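Reading the structure
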Amino acid sequence: MPFRIAVIPGDGIGPEVIAQGLRVLDAVSAATGTRLDRVTYDLGAERYLRTGEILPDAVFKELQTVDAIYLGAVGDPRVDNPQYAAGLLLRLRFELDLWVNLRPSRLLAPGLTPLRDAASIDLVVVRENTEGAYVGMGGQFKRGTPDEIAIQEDVNTRKGVERIIHYAFELARQRRAAGQRGRLTMVDKSNALYHAHDLWQRVFALERQASPEIEAEHLFVDAAAMQLVKDPSRFDVIVTSNMFGDILSDLASELVGGLGQAPSANINPDNRRGLFEPVHGSAPKHAGKGIANPVGAILAGAMMLRHLGDEAGALRIERAVMSAAADRRTTKDLGGALNTTEAADAVLERLERIGSSLPS
Ligand code: NAD
Ligand code: IPM
Ligand code: MN
(Lines give C-alpha, C1' and ligand atoms only; values in the text may rest on other atoms or scores of the structure.)
(Ligands and ions follow the chains in the order given, each with its own letter.)
Protein backbone atom coordinates (compact mmCIF):
# COMPACT_ATOMS: atom_id res chain seq x y z
CA MET A 1 0.00 0.00 0.00
CA PRO A 2 1.38 3.42 -0.86
CA PHE A 3 1.52 6.03 1.88
CA ARG A 4 -0.86 8.95 1.45
CA ILE A 5 0.96 12.27 1.78
CA ALA A 6 -0.77 15.65 1.95
CA VAL A 7 1.51 18.37 0.58
CA ILE A 8 0.91 21.94 1.77
CA PRO A 9 3.48 24.15 0.01
CA GLY A 10 2.11 27.21 1.83
CA ASP A 11 3.53 30.72 1.61
CA GLY A 12 6.65 32.65 0.57
CA ILE A 13 9.60 30.34 -0.02
CA GLY A 14 7.49 27.37 1.12
CA PRO A 15 6.47 26.25 -2.41
CA GLU A 16 10.04 26.73 -3.70
CA VAL A 17 11.65 24.50 -1.08
CA ILE A 18 8.87 21.92 -1.04
CA ALA A 19 9.18 21.46 -4.84
CA GLN A 20 12.83 20.51 -4.32
CA GLY A 21 12.05 18.31 -1.33
CA LEU A 22 9.56 16.40 -3.49
CA ARG A 23 12.16 15.85 -6.23
CA VAL A 24 14.47 14.29 -3.64
CA LEU A 25 11.69 12.21 -2.09
CA ASP A 26 10.69 10.90 -5.53
CA ALA A 27 14.26 9.88 -6.33
CA VAL A 28 14.79 8.14 -3.00
CA SER A 29 11.46 6.40 -2.87
CA ALA A 30 12.02 5.06 -6.38
CA ALA A 31 15.26 3.51 -5.08
CA THR A 32 13.95 2.13 -1.78
CA GLY A 33 10.52 1.09 -3.03
CA THR A 34 8.58 3.29 -0.60
CA ARG A 35 5.52 4.47 -2.49
CA LEU A 36 4.19 7.95 -1.75
CA ASP A 37 0.81 9.01 -3.12
CA ARG A 38 0.77 12.79 -2.99
CA VAL A 39 -2.16 15.18 -2.87
CA THR A 40 -1.41 18.92 -2.90
CA TYR A 41 -3.55 21.32 -0.87
CA ASP A 42 -3.69 25.00 -1.80
CA LEU A 43 -3.94 26.17 1.81
CA GLY A 44 -2.14 29.40 2.57
CA ALA A 45 -2.24 33.14 2.16
CA GLU A 46 -3.35 33.16 -1.50
CA ARG A 47 -6.42 31.14 -0.64
CA TYR A 48 -7.13 33.17 2.49
CA LEU A 49 -6.89 36.47 0.60
CA ARG A 50 -9.10 35.08 -2.20
CA THR A 51 -11.76 33.29 -0.14
CA GLY A 52 -11.29 34.13 3.54
CA GLU A 53 -10.67 30.43 4.26
CA ILE A 54 -7.72 29.43 6.45
CA LEU A 55 -8.38 25.72 7.01
CA PRO A 56 -11.89 24.63 6.06
CA ASP A 57 -13.30 21.82 8.25
CA ALA A 58 -13.77 19.54 5.23
CA VAL A 59 -10.07 19.86 4.39
CA PHE A 60 -9.11 19.30 8.02
CA LYS A 61 -11.13 16.06 8.00
CA GLU A 62 -9.17 14.84 4.96
CA LEU A 63 -5.89 15.76 6.64
CA GLN A 64 -6.90 13.63 9.63
CA THR A 65 -6.83 10.55 7.43
CA VAL A 66 -3.47 10.87 5.66
CA ASP A 67 -0.25 9.10 6.67
CA ALA A 68 1.78 12.30 6.74
CA ILE A 69 1.66 16.00 5.94
CA TYR A 70 4.59 17.73 4.22
CA LEU A 71 4.43 21.49 4.74
CA GLY A 72 6.50 24.43 3.46
CA ALA A 73 5.77 27.51 5.56
CA VAL A 74 2.91 29.68 6.73
CA GLY A 75 3.11 33.47 6.85
CA ASP A 76 2.57 36.36 4.46
CA PRO A 77 2.98 40.09 5.07
CA ARG A 78 -0.26 40.77 3.14
CA VAL A 79 -2.30 38.86 5.74
CA ASP A 80 -3.14 41.16 8.63
CA ASN A 81 -5.16 38.57 10.59
CA PRO A 82 -3.04 37.81 13.70
CA GLN A 83 -4.76 34.43 14.04
CA TYR A 84 -3.77 33.22 10.57
CA ALA A 85 -0.81 31.00 11.61
CA ALA A 86 -2.81 29.72 14.57
CA GLY A 87 -5.73 28.85 12.31
CA LEU A 88 -3.56 26.76 10.00
CA LEU A 89 -0.27 25.49 11.40
CA LEU A 90 -1.09 25.55 15.11
CA ARG A 91 -4.54 24.08 14.48
CA LEU A 92 -2.93 21.13 12.71
CA ARG A 93 -0.44 20.63 15.55
CA PHE A 94 -3.12 20.92 18.24
CA GLU A 95 -6.10 19.17 16.69
CA LEU A 96 -4.06 16.32 15.22
CA ASP A 97 -2.47 16.15 18.70
CA LEU A 98 1.07 16.19 17.30
CA TRP A 99 2.55 16.55 20.74
CA VAL A 100 6.23 16.04 19.93
CA ASN A 101 8.14 18.55 17.84
CA LEU A 102 11.57 17.11 17.05
CA ARG A 103 14.10 19.68 15.90
CA PRO A 104 17.53 18.17 15.32
CA SER A 105 20.65 20.32 14.84
CA ARG A 106 23.62 18.48 13.45
CA LEU A 107 26.72 20.09 12.02
CA LEU A 108 26.46 18.96 8.38
CA ALA A 109 30.08 19.79 7.59
CA PRO A 110 33.06 21.35 9.39
CA GLY A 111 33.19 25.11 9.11
CA LEU A 112 29.44 25.70 8.94
CA THR A 113 29.16 26.86 12.55
CA PRO A 114 29.61 30.54 13.36
CA LEU A 115 31.26 29.48 16.62
CA ARG A 116 35.03 29.76 16.98
CA ASP A 117 35.93 26.29 18.11
CA ALA A 118 32.88 24.03 18.03
CA ALA A 119 33.93 20.79 16.38
CA SER A 120 30.90 18.60 16.82
CA ILE A 121 27.29 19.61 17.36
CA ASP A 122 24.60 16.95 17.27
CA LEU A 123 21.60 17.69 19.41
CA VAL A 124 17.85 17.50 19.21
CA VAL A 125 15.32 19.85 20.73
CA VAL A 126 12.23 17.96 21.90
CA ARG A 127 9.67 20.73 21.92
CA GLU A 128 6.29 20.28 23.62
CA ASN A 129 3.95 21.07 20.74
CA THR A 130 0.37 21.25 22.00
CA GLU A 131 0.38 23.39 25.15
CA GLY A 132 2.07 26.35 26.80
CA ALA A 133 1.44 29.95 25.83
CA TYR A 134 0.46 28.84 22.33
CA VAL A 135 -2.98 27.41 23.07
CA GLY A 136 -4.83 30.69 22.64
CA MET A 137 -6.39 30.96 26.08
CA GLY A 138 -6.74 34.52 27.23
CA GLY A 139 -8.20 37.66 25.81
CA GLN A 140 -8.15 41.37 25.47
CA PHE A 141 -10.11 43.89 27.49
CA LYS A 142 -10.58 47.59 26.69
CA ARG A 143 -8.62 46.97 23.47
CA GLY A 144 -6.97 50.06 22.03
CA THR A 145 -7.47 52.18 25.13
CA PRO A 146 -4.88 53.28 27.70
CA ASP A 147 -6.49 50.84 30.17
CA GLU A 148 -6.09 47.87 27.86
CA ILE A 149 -5.40 44.42 29.33
CA ALA A 150 -3.99 41.57 27.23
CA ILE A 151 -3.72 38.11 28.74
CA GLN A 152 -2.24 34.97 27.20
CA GLU A 153 -2.32 32.00 29.53
CA ASP A 154 0.55 29.50 29.76
CA VAL A 155 -1.19 26.14 29.91
CA ASN A 156 0.70 23.11 31.26
CA THR A 157 -1.14 19.88 31.95
CA ARG A 158 0.13 16.92 33.90
CA LYS A 159 -0.57 14.65 30.94
CA GLY A 160 1.15 16.97 28.48
CA VAL A 161 4.27 17.46 30.59
CA GLU A 162 4.53 13.77 31.50
CA ARG A 163 4.30 12.54 27.94
CA ILE A 164 6.89 14.92 26.52
CA ILE A 165 9.44 14.42 29.32
CA HIS A 166 8.94 10.65 29.18
CA TYR A 167 9.42 10.74 25.39
CA ALA A 168 12.66 12.69 25.81
CA PHE A 169 14.04 10.15 28.29
CA GLU A 170 13.24 7.36 25.82
CA LEU A 171 14.94 9.29 23.02
CA ALA A 172 18.04 9.81 25.18
CA ARG A 173 18.05 6.06 25.89
CA GLN A 174 17.79 5.25 22.18
CA ARG A 175 20.51 7.71 21.24
CA ARG A 176 22.81 6.22 23.89
CA ALA A 177 22.14 2.73 22.54
CA ALA A 178 23.06 4.06 19.08
CA GLY A 179 26.44 5.30 20.33
CA GLN A 180 25.56 8.94 20.93
CA ARG A 181 25.94 10.63 24.28
CA GLY A 182 22.32 10.22 25.32
CA ARG A 183 22.36 13.05 27.83
CA LEU A 184 19.07 14.76 28.64
CA THR A 185 18.72 18.45 29.52
CA MET A 186 15.36 19.64 30.79
CA VAL A 187 14.95 23.37 30.23
CA ASP A 188 12.37 25.51 32.03
CA LYS A 189 12.01 28.76 33.93
CA SER A 190 10.76 27.37 37.23
CA ASN A 191 12.52 30.06 39.24
CA ALA A 192 10.12 32.65 37.82
CA LEU A 193 7.18 30.59 36.49
CA TYR A 194 6.85 28.82 39.82
CA HIS A 195 3.35 27.44 39.21
CA ALA A 196 3.61 26.17 35.63
CA HIS A 197 7.21 25.07 35.60
CA ASP A 198 7.15 23.60 39.07
CA LEU A 199 5.03 20.94 37.39
CA TRP A 200 7.87 20.37 34.89
CA GLN A 201 10.31 20.08 37.82
CA ARG A 202 8.23 17.48 39.65
CA VAL A 203 7.57 15.37 36.56
CA PHE A 204 11.27 15.56 35.64
CA ALA A 205 12.26 14.39 39.13
CA LEU A 206 9.94 11.37 38.87
CA GLU A 207 11.19 10.40 35.40
CA ARG A 208 14.75 10.79 36.56
CA GLN A 209 14.12 8.44 39.49
CA ALA A 210 12.60 5.91 37.10
CA SER A 211 15.59 6.12 34.71
CA PRO A 212 18.70 6.59 36.88
CA GLU A 213 20.90 5.20 34.09
CA ILE A 214 20.16 8.25 31.90
CA GLU A 215 22.45 11.21 32.47
CA ALA A 216 19.98 14.03 33.09
CA GLU A 217 20.43 17.66 34.07
CA HIS A 218 18.31 20.76 34.44
CA LEU A 219 19.01 24.24 33.11
CA PHE A 220 16.99 27.43 33.29
CA VAL A 221 16.23 28.68 29.80
CA ASP A 222 18.42 31.77 30.04
CA ALA A 223 21.41 29.65 31.06
CA ALA A 224 20.56 27.11 28.36
CA ALA A 225 20.71 29.83 25.69
CA MET A 226 24.10 30.88 27.04
CA GLN A 227 25.42 27.31 27.19
CA LEU A 228 24.25 26.58 23.64
CA VAL A 229 26.59 29.27 22.40
CA LYS A 230 29.39 28.59 24.89
CA ASP A 231 29.56 24.81 24.67
CA PRO A 232 26.98 23.24 22.32
CA SER A 233 28.68 19.83 22.44
CA ARG A 234 27.43 19.39 26.04
CA PHE A 235 23.89 18.97 24.67
CA ASP A 236 22.32 15.85 23.23
CA VAL A 237 18.56 15.84 23.95
CA ILE A 238 16.93 19.06 25.15
CA VAL A 239 13.32 18.83 26.33
CA THR A 240 11.37 22.01 26.88
CA SER A 241 8.09 23.86 26.55
CA ASN A 242 6.44 25.03 23.34
CA MET A 243 7.69 28.61 23.39
CA PHE A 244 11.19 27.89 24.70
CA GLY A 245 11.50 25.10 22.13
CA ASP A 246 10.58 27.54 19.37
CA ILE A 247 13.28 29.97 20.44
CA LEU A 248 16.05 27.49 21.29
CA SER A 249 15.54 25.59 18.03
CA ASP A 250 16.16 28.72 15.94
CA LEU A 251 19.29 29.35 18.01
CA ALA A 252 20.48 25.75 17.66
CA SER A 253 19.77 25.82 13.90
CA GLU A 254 21.96 28.86 13.47
CA LEU A 255 24.80 27.13 15.35
CA VAL A 256 24.99 24.45 12.65
CA GLY A 257 24.71 26.61 9.55
CA GLY A 258 21.44 28.49 9.69
CA LEU A 259 17.70 28.24 9.57
CA GLY A 260 17.71 27.27 5.90
CA GLN A 261 19.06 23.78 6.64
CA ALA A 262 16.97 22.92 9.73
CA PRO A 263 14.23 20.26 9.57
CA SER A 264 11.47 19.40 11.99
CA ALA A 265 8.96 16.66 12.65
CA ASN A 266 5.65 17.18 14.44
CA ILE A 267 4.49 13.74 15.49
CA ASN A 268 2.06 11.82 17.62
CA PRO A 269 3.92 8.66 18.65
CA ASP A 270 0.65 7.00 19.77
CA ASN A 271 -1.35 7.16 16.55
CA ARG A 272 1.61 7.73 14.21
CA ARG A 273 0.26 10.94 12.71
CA GLY A 274 2.92 13.37 11.52
CA LEU A 275 3.56 16.75 9.94
CA PHE A 276 7.03 17.43 8.53
CA GLU A 277 8.34 20.91 7.74
CA PRO A 278 11.47 23.00 7.79
CA VAL A 279 12.05 24.97 11.01
CA HIS A 280 12.18 28.20 9.04
CA GLY A 281 9.24 30.29 7.94
CA SER A 282 8.19 31.84 4.65
CA ALA A 283 11.18 34.27 4.53
CA PRO A 284 9.23 36.82 2.46
CA LYS A 285 12.32 38.80 1.50
CA HIS A 286 13.73 35.74 -0.32
CA ALA A 287 10.44 34.58 -1.90
CA GLY A 288 10.22 34.35 -5.67
CA LYS A 289 13.96 34.76 -6.20
CA GLY A 290 14.91 31.09 -6.39
CA ILE A 291 17.63 31.52 -3.77
CA ALA A 292 16.12 29.85 -0.69
CA ASN A 293 18.03 26.94 0.76
CA PRO A 294 16.01 23.75 0.13
CA VAL A 295 17.96 21.65 2.66
CA GLY A 296 15.61 22.20 5.62
CA ALA A 297 12.71 20.95 3.49
CA ILE A 298 14.79 18.09 2.07
CA LEU A 299 15.85 16.93 5.54
CA ALA A 300 12.24 17.25 6.75
CA GLY A 301 11.42 14.82 3.93
CA ALA A 302 14.03 12.45 5.37
CA MET A 303 12.38 12.72 8.79
CA MET A 304 9.07 11.88 7.13
CA LEU A 305 10.53 8.77 5.48
CA ARG A 306 12.03 7.65 8.81
CA HIS A 307 8.63 8.11 10.48
CA LEU A 308 7.02 6.01 7.74
CA GLY A 309 9.54 3.23 8.38
CA ASP A 310 11.95 3.90 5.51
CA GLU A 311 15.14 4.30 7.54
CA ALA A 312 17.33 3.47 4.52
CA GLY A 313 15.71 6.25 2.48
CA ALA A 314 16.16 8.74 5.32
CA LEU A 315 19.84 7.82 5.70
CA ARG A 316 20.46 8.19 1.98
CA ILE A 317 19.05 11.70 1.99
CA GLU A 318 21.02 12.70 5.08
CA ARG A 319 24.29 11.37 3.64
CA ALA A 320 23.71 13.06 0.28
CA VAL A 321 22.98 16.38 2.03
CA MET A 322 26.11 16.08 4.17
CA SER A 323 28.23 15.32 1.13
CA ALA A 324 26.85 18.31 -0.78
CA ALA A 325 27.43 20.50 2.28
CA ALA A 326 31.01 19.27 2.68
CA ASP A 327 31.71 20.28 -0.95
CA ARG A 328 29.81 23.57 -0.47
CA ARG A 329 27.51 22.60 -3.33
CA THR A 330 24.87 24.65 -1.55
CA THR A 331 23.06 27.95 -1.52
CA LYS A 332 24.86 31.04 -0.25
CA ASP A 333 23.76 30.71 3.37
CA LEU A 334 25.75 27.44 3.62
CA GLY A 335 28.79 28.93 1.92
CA GLY A 336 28.04 27.89 -1.67
CA ALA A 337 26.95 29.77 -4.77
CA LEU A 338 23.99 27.71 -6.04
CA ASN A 339 20.35 28.62 -6.45
CA THR A 340 17.52 26.60 -4.92
CA THR A 341 17.17 24.13 -7.80
CA GLU A 342 20.92 23.66 -8.26
CA ALA A 343 21.36 22.97 -4.53
CA ALA A 344 18.75 20.21 -4.81
CA ASP A 345 20.48 18.96 -8.00
CA ALA A 346 23.69 18.59 -5.97
CA VAL A 347 21.85 16.43 -3.43
CA LEU A 348 20.24 14.37 -6.22
CA GLU A 349 23.63 13.74 -7.89
CA ARG A 350 25.08 12.49 -4.63
CA LEU A 351 22.03 10.34 -3.99
CA GLU A 352 22.75 8.50 -7.20
CA ARG A 353 26.42 8.11 -6.32
CA ILE A 354 25.87 6.77 -2.81
CA GLY A 355 22.77 4.81 -3.74
CA SER A 356 24.59 1.63 -4.62
CA SER A 357 26.73 1.69 -1.46
CA LEU A 358 23.82 1.60 0.95
CA PRO A 359 21.28 -1.10 1.72
CA SER A 360 17.83 -0.35 0.31
P1 NAD B 1 11.88 33.05 8.66
O2 NAD B 1 12.32 31.73 9.19
O3 NAD B 1 10.88 33.02 7.58
O4 NAD B 1 13.16 33.82 8.11
C5 NAD B 1 14.15 34.45 8.92
C6 NAD B 1 15.43 34.58 8.10
O7 NAD B 1 16.09 33.33 8.05
C8 NAD B 1 15.21 34.96 6.64
O9 NAD B 1 15.10 36.34 6.46
C10 NAD B 1 16.46 34.40 6.00
O11 NAD B 1 17.56 35.27 6.19
C12 NAD B 1 16.70 33.13 6.79
N13 NAD B 1 16.08 31.95 6.14
C14 NAD B 1 14.98 31.28 6.53
N15 NAD B 1 14.76 30.25 5.72
C16 NAD B 1 15.72 30.25 4.79
C17 NAD B 1 16.04 29.43 3.68
N18 NAD B 1 15.31 28.34 3.36
N19 NAD B 1 17.11 29.73 2.94
C20 NAD B 1 17.88 30.79 3.25
N21 NAD B 1 17.65 31.61 4.28
C22 NAD B 1 16.58 31.34 5.06
O23 NAD B 1 11.38 33.90 9.91
P24 NAD B 1 10.58 35.31 9.98
O25 NAD B 1 11.17 36.26 9.00
O26 NAD B 1 10.55 35.66 11.39
O27 NAD B 1 9.09 34.96 9.54
C28 NAD B 1 8.55 35.15 8.23
C29 NAD B 1 7.14 34.60 8.22
O30 NAD B 1 7.18 33.17 8.38
C31 NAD B 1 6.25 35.12 9.36
O32 NAD B 1 4.96 35.28 8.85
C33 NAD B 1 6.30 34.01 10.40
O34 NAD B 1 5.15 33.97 11.21
C35 NAD B 1 6.37 32.79 9.50
N36 NAD B 1 6.96 31.60 10.10
C37 NAD B 1 6.37 30.41 9.78
C38 NAD B 1 6.94 29.23 10.22
C39 NAD B 1 6.32 27.93 9.82
O40 NAD B 1 5.50 27.88 8.94
N41 NAD B 1 6.68 26.82 10.45
C42 NAD B 1 8.13 29.26 10.97
C43 NAD B 1 8.70 30.49 11.28
C44 NAD B 1 8.11 31.67 10.83
C1 IPM C 1 7.75 27.54 14.06
C2 IPM C 1 7.07 28.87 13.88
C3 IPM C 1 5.66 28.83 14.48
C4 IPM C 1 5.84 28.52 15.95
C5 IPM C 1 4.85 30.12 14.25
C6 IPM C 1 4.67 30.41 12.78
C7 IPM C 1 3.54 30.11 14.93
O8 IPM C 1 7.84 29.88 14.42
O9 IPM C 1 7.23 26.52 13.55
O10 IPM C 1 8.81 27.49 14.67
O11 IPM C 1 6.12 29.42 16.77
O12 IPM C 1 5.69 27.37 16.31
MN1 MN D 1 9.83 29.21 15.05
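About the cut-offs
Residues numbered from 1 in each chain as written. Chains lettered and ligands numbered in written order. Predicted model: local features only at pLDDT ≥ 70, side-chain atom pairs only at ≥ 80, totals over all residues. Heavy atoms only, no water. Domains from an automatic or database assignment. Contact = heavy atoms within 4.5 Å. Buried area = accessible area lost by both parts, 1.4 Å probe. Salt bridge = Lys/Arg side-chain N within 4 Å of Asp/Glu carboxyl O. Polar contact = N/O pair within 3.5 Å; in protein donor to acceptor, adjacent residues only side chain to side chain. Nonpolar A, V, L, I, M, F, W, Y, C, P; charged D, E, K, R; others polar. Pairing = 2+ DSSP bridges. Helix = DSSP H or I, 4+ residues; strand = E, 2+ residues; numbered from the N terminus. Right-handed = clockwise from strand over helix to strand, strands pointing away. Buried < 20%, exposed > 50% of the residue type's maximum accessible area, 1.4 Å probe, protein only. Patch = residues over 30% accessible without salt bridge, like charges linked within 9 Å, V, L, I, M, F, W, Y side chains within 5 Å. Areas by Shrake-Rupley, 256 points an atom, 1.4 Å probe, with all protein chains shown as cover. Near = heavy atom within 4 Å. Core = buried A, V, L, I, M, F, W, Y, C linked by side-chain atoms within 4.5 Å.

So, about the domain arrangement of the protein. In terms of domain boundaries, the protein breaks down into domain 1 (1-98 + 264-360) and domain 2 (113-255). Inter-centroid distance (C-alpha atoms) of domain 1 to domain 2 is 24 Å. Residue-level contacts link nine residues of domain 1 with twelve residues of domain 2. At the boundary of domain 1 with domain 2, total buried surface from both sides reaches about 780 Å², with 52% on carbon and sulfur atoms. For the interface between domain 1 and domain 2, the tally reads one salt bridge. The partner of D97 in a salt bridge is R163, with the nearest N and O atoms 2.9 Å apart. One can count three residue pairs in polar contact (both at pLDDT 80 or more) joining domain 1 with domain 2. Here the residues of the side of domain 1 that touches domain 2 sort into six nonpolar, one polar and two charged.

A few words now on the pairing of strand β1 (residues 3-10). With five bridges connecting them, β1 and strand β2 (residues 36-40) associate as parallel partners. Across the sheet, residue F3 finds its bridge partner in β2, namely L36. Between the parallel pair β1 and β2, the chain is carried across by helix α1 (residues 14-32), and the sense of this crossover is right-handed. By the bridge criterion, five bridges tie β1 to strand β3 (residues 68-73) in an arrangement that is parallel. Looking at the pairing, G10 lines up with A73 of β3.

Turning our eyes to something else, we now look at the side chain of S190. Assignment of secondary structure puts S190 in the loop between β8 (184-188) and α6 (196-210). Judged by its relative accessible area of 15%, S190 falls in the buried class. Engagement of the side chain of S190 in a polar contact is seen with the side chain of Q201, the distance being 3.1 Å. Ignoring sequence-local partners within four residues, the contact set of S190 consists of H197, D198, Q201, H218 and F220.

Let us look at a nonpolar patch on the surface. There is a patch of nonpolar side chains on the surface, built from F141, I149 and I151 and spanning about 280 Å² of accessible area. Tracing the chain through its elements places F141 in strand β6 (residues 138-141). What makes F141 partly exposed here is its relative accessible area of 49%.

Lining the immediate environment of ligand 2, one finds R93, R103, R127, Y134 and D246. Take Y134: an N or O atom from its side chain is 2.6 Å from an oxygen atom of ligand 2. Within the side chain of D246, a nitrogen or oxygen atom sits 2.8 Å from an oxygen atom of ligand 2. Alone, ligand 2 offers 320 Å² of accessible surface; in the complex the protein occludes 74% of this.

Turning our eyes to something else, we now look at the site of ligand 1. Every one of the 19 residues lining ligand 1 counts as a neighbour, but V74, G281, S282, A283 and N293 are closest to it. In the environment of ligand 1, an oxygen atom lies 2.9 Å from a nitrogen or oxygen atom belonging to the backbone of V74. Here a nitrogen atom of ligand 1 and a side-chain polar atom of E277 are 3.1 Å apart. Protein coverage of the free-state accessible area of ligand 1, which is 800 Å², stands at 66%.

Bringing the nonpolar core into the picture now. Core analysis: the biggest nonpolar cluster contains 84 residues, and Y70, L102, V126, I165, L184, V239 and I317 have the highest contact counts within it. Among the elements that line this core, the one with the most residues is helix α9 (residues 295-307), at nine residues. Residues contacting V126, with those up to four places away along its chain left out, are V100, N101, L102, I164, Y167, A168, L171, V237, I238, V239 and T240. Y41, F60, L63 and L92 belong to the second-largest nonpolar core, a separate cluster that totals 23 residues.

Another point: the pattern of salt bridges. One pass over the full model with this rule turns up 30 salt bridges. Its salt-bridge partner being D42, residue R50 comes within 3.4 Å of it at the nearest N-O pair. The exposure class of D42 is partly exposed, given its relative accessible area of 43%. As a salt-bridge pair, D222 and K189 come within 3.1 Å of each other at their nearest N and O atoms. A residue pair is termed long-range when its members are at least 10 positions apart, and D222 in helix α7 (residues 221-230) and K189 in the loop between β8 and α6 qualify at 33 residues. Residue classification places D222 among the partly exposed residues on the basis of a relative accessible area of 46%. A single salt-bridge network, built from bridges that share partners, covers R181, R183, E215, E217 and R234.

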